[in-house]
Amino acid sequence: VAQGYESLSGMVDVRMKEPDAMDRLYANFYLSGYMEKQLNLAYADQVGKGWNTMLAGHVTQPSGRYDRAGDSFLDMPLVTRYSMLNKWKFSDEDSPLAVLATVKYTREDRLCGAHLLALHTDAGTQRRYGQTVNNDRVEAYAKTSWTLGEGTEVSASVSGAHHLQNSWFGLTRYDGNQNTLYAGTQFRTELLEEQAFLTTGFSYRLENIRESIELG
């Protein structure tokens, strides 16, 4: 109930920046030796009593077309990525209610293969070997919790994602469409003066995957 069946094999906890615990403006820039460029920006602000929001963006621009190995193939995949994230958080010591909501969009295009590979004229042909992967992904998450008393809390959460992939691997075309939905609620209370806790609830998960493979 607490973490889902995936937790049976271990978990990795990825915590992003929180709008109420970060610098108001954050920015960094990265340039690799292959001339790949990456830019990260984040802005946070308090928009009301207990309400904080964050708007973040990420941009990756492709590296140069390097063939330092001299094998007529690109040394690095050419990656173009755009991502936006908006997070809202409500937390007030005078209120038993806490709210967290996030929405994120990512667009990524990858191209690798022959050094002179052209996406629009060579993909899926025998002119030059290459691989192209185009991803579109939208994610959303929301959680609400209510404190019923000292050490007792009830919460509800829902999340969903839509992932669309169009790709070529040589002469093989692969298209995928994945939709996921999760909803759950929990009741948690402490026992024996914080020496033990009782957690119960239920969760529901829906996953729908459609794939199409065309062999060249």
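Located above this text is the structure these notes cover.
Throughout what follows, the structure given in this document is the object of discussion. This is a predicted model, so every value here is computed, not measured.

Cut-offs used in this document
Residues numbered from 1 in each chain as written. Predicted model: local features only at pLDDT ≥ 70, side-chain atom pairs only at ≥ 80, totals over all residues. Heavy atoms only, no water. Salt bridge = Lys/Arg side-chain N within 4 Å of Asp/Glu carboxyl O. Helix = DSSP H or I, 4+ residues; strand = E, 2+ residues; numbered from the N terminus. Buried < 20%, exposed > 50% of the residue type's maximum accessible area, 1.4 Å probe, protein only. Pairing = 2+ DSSP bridges. Core = buried A, V, L, I, M, F, W, Y, C linked by side-chain atoms within 4.5 Å. Contact = heavy atoms within 4.5 Å. Patch = residues over 30% accessible without salt bridge, like charges linked within 9 Å, V, L, I, M, F, W, Y side chains within 5 Å. Areas by Shrake-Rupley, 256 points an atom, 1.4 Å probe, with all protein chains shown as cover.

This paragraph deals with the pattern of salt bridges. Following the criterion strictly, the structure yields 14 salt bridges and no others. With a shortest N-O distance of 2.5 Å, aspartate 136 and arginine 107 are connected by a salt bridge. With a gap of 29 residues between them, aspartate 136 in strand E6 (residues 130–149) and arginine 107 in strand E5 (residues 97–113) connect regions that are remote in the sequence. You can call aspartate 136 partly exposed: its relative accessible area is 21%. Note on arginine 107: relative accessible area 26%, which makes it partly exposed.

To continue, consider the pairing of strand E3 (residues 51–61). For a regular strand, side-chain orientation follows a simple rule: the groups alternate between the two sheet faces. For strand E2 (residues 37–48) and E3, the ladder comprises eleven bridges, and the chain directions are antiparallel. Bridge pairing in E3 links glycine 48 to tryptophan 51. Connecting the antiparallel pair E2 and E3 is a turn made up of two residues, with glycine 50 showing a positive phi of about 85 degrees.

Residues Met22, Ala42, Ala44, Met54, Ala56 and Leu85 constitute the largest nonpolar core, which totals six residues. At the level of secondary structure, the elements contributing two or more residues to this core comprise E2 and E3. With residues up to four places along the chain from it excluded, the contact list for leucine 85 reads Met16, Met54, Leu55, Ala56, Thr102, Val103 and Lys104. Of all hydrophobic cores here, the second largest spans five residues; its members include Leu74, Leu111, Ala114 and Leu117.

Next up on the list: a nonpolar patch on the surface. On the surface, Phe29, Leu31, Met35, Leu39 and Leu41 cluster together into a nonpolar patch covering about 450 Å² of accessible area. Contributions of two or more residues to the nonpolar patch are made by strand E1 (25–31) and E2. Tracing the backbone through its elements, the reader meets phenylalanine 29 in strand E1.

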